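# Inside the fold
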Amino acid sequence: MRITDVDCTTRRLPLHETWDGGLDHHDVLITRVRTDTGPTGIGLGWTPRIGAGAMRAIVTEECAPVLRGHLPDPAPRWRQLYDRLHEAGPEGITAMALASIDIALWDLRAKSLELSLVDLLGRHRDSVPAYASGVNLDKPLDELLTQVRGMLDAGHTALKLKVGSTDPERDVERVGRVRELLGPSGRLMLDANQRWDLPTAQRAIDALSRFDPHWIEEPLPADDFPAHTRLRARTSVPFAIGENLRSVRRFRDALTSGICDVAQPNVVRVGGITPFLRIAELAATFDVPVAPHLLPELSGQLALCVPLAGMVEDIDRASLHELGALARPSGVRVDAEGARADTAPGNGLAFDFSD
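To start, this report covers the structure provided alongside it. (Residues numbered from 1 in each chain as written. Predicted model: local features only at pLDDT ≥ 70, side-chain atom pairs only at ≥ 80, totals over all residues. Heavy atoms only, no water.)

Our focus in this paragraph is the sheet that holds strand S2 (residues 23-35). Read across the open sheet, the 3 strands follow the order S1-S2-S3; overall the sheet is antiparallel. Of all strands in the sheet, those bounded by a partner on one side alone are strand S1 (3-19) and strand S3 (41-47). Adjacent strand axes in the sheet meet at a mean angle of 20 degrees, parallel and antiparallel pairs treated alike. Bridge count between S1 and S2: 12 bridges; the pairing is antiparallel. Of the residues in S2, the one forming a bridge with Trp-19 is Leu-23. Each of S1, S2 and S3 touches helix H1 (residues 52-67); the most contacted strand, S1, lies at about 165 degrees to it. (Pairing = 2+ DSSP bridges. Helix = DSSP H or I, 4+ residues; strand = E, 2+ residues; numbered from the N terminus. Axes fitted to C-alpha atoms, helices over the stretch in contact; angles between N-to-C directions. Contact = heavy atoms within 4.5 Å.)

Time to look at the pairing of strand S5 (residues 158-162). Burial of S5 is extensive: 5 of the 5 residues sit out of reach of the surface. Where burial is concerned, the two faces of S5 agree: the one with Ala-158, Lys-160 and Lys-162 and the one with Leu-159 and Leu-161 are both buried. Following the chain from strand S4 (residues 130-133) across helix H5 (residues 141-153) to the adjacent parallel S5, one finds a crossover that is right-handed. Regarding the hand of the β-α-β motif, the stretch spanning S5, helix H6 (residues 168-182) and strand S6 (residues 187-191) is right-handed. (Buried < 20%, exposed > 50% of the residue type's maximum accessible area, 1.4 Å probe, protein only. Right-handed = clockwise from strand over helix to strand, strands pointing away.)

We now examine the packing of helix H2 (residues 74-85) against helix H3 (residues 93-112). Closest axis-to-axis distance for the H2/H3 pair is 10 Å, and the angle between their directions is 165 degrees. With respect to each other, H2 and H3 are oriented roughly antiparallel. Considering the relative orientation of H2 and H3, their crossing is right-handed. The residues of H3 that touch H2, namely those facing Pro-74, Arg-77, Trp-78, Leu-81, Tyr-82 and Leu-85, are Thr-94, Leu-98, Ile-101, Asp-102, Leu-105, Trp-106 and Arg-109. Within the contact of H2 with H3, the residues separate by chemical class into 9 nonpolar, 1 polar and 3 charged. (Parallel < 35°, antiparallel > 145°, perpendicular 65-115°, else oblique. Left-handed = near helix turned anticlockwise from the far one by under 90°. Nonpolar A, V, L, I, M, F, W, Y, C, P; charged D, E, K, R; others polar.)

Pasting the structure below:
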């Protein structure tokens, strides 16, 4: 089996409601790897703001010509493309474009063996706990509490709340009210989305610790490891980081620095399934669980296959299925009962614009 062609297309997916900061859509890149004798592999690139056109150009102009005629083996093809794209920078747009091809190659391999992606990678477990989350920092308090009640009514006992208000007392009030609704035994995660500097983070965590946060996510700019180290010395609240770490090496550095208690790689941002699996293995050597970031149809499958799994995010109306991207359900379910996967051969992603 040899690769005959690689092509891709983009689509804009409107969100059901505007997220913090005015974000009202996600862009996806759908990549297809075709072969001379086998099925077609389907991969995904994703960006919530910019870069879809750049990803498409990288796939069609830089990657497709060098892949034709090669065996569709994920690991060597990933390294081949990584080395080629490295001149333009190993992270960011190039990594996200590479991810769409890598995901397609793993889909192709699973289909050719008539296996689900989970069974190809190796199923460690049948389900992983899930937590509910929403992008809700900009919501007024009454709307936030209505959203949280909906999560609780759906059966969730773990949920994540955005923090990082310009007025720290606003965060204290909101977290306190959510903790009252959730009760003392529920898991409450807080996500600052890199909004704090070091002094602000120190004061905020001191004020919010009384609500027993299960973790604090991205309390500081993602690439400032020394500041994370200083903050770690001030608090026992676990840090969840990784959605904005874009390579295996960055995760290595975070883990060796002792600032990553929960690893949150995004399979697209790190460059695909091939490096995602390396990150998961690395995290396991530090006894750090992996809680994949967003993209529940893929994250739910990958969480079933990593050595140490944390939780999968059940984000409010933002799965590919809920955004209308899929022609049929993927076979991945993420809800209050956890993340489970029962897909057709491959990764289960059938886009309604892929043919």
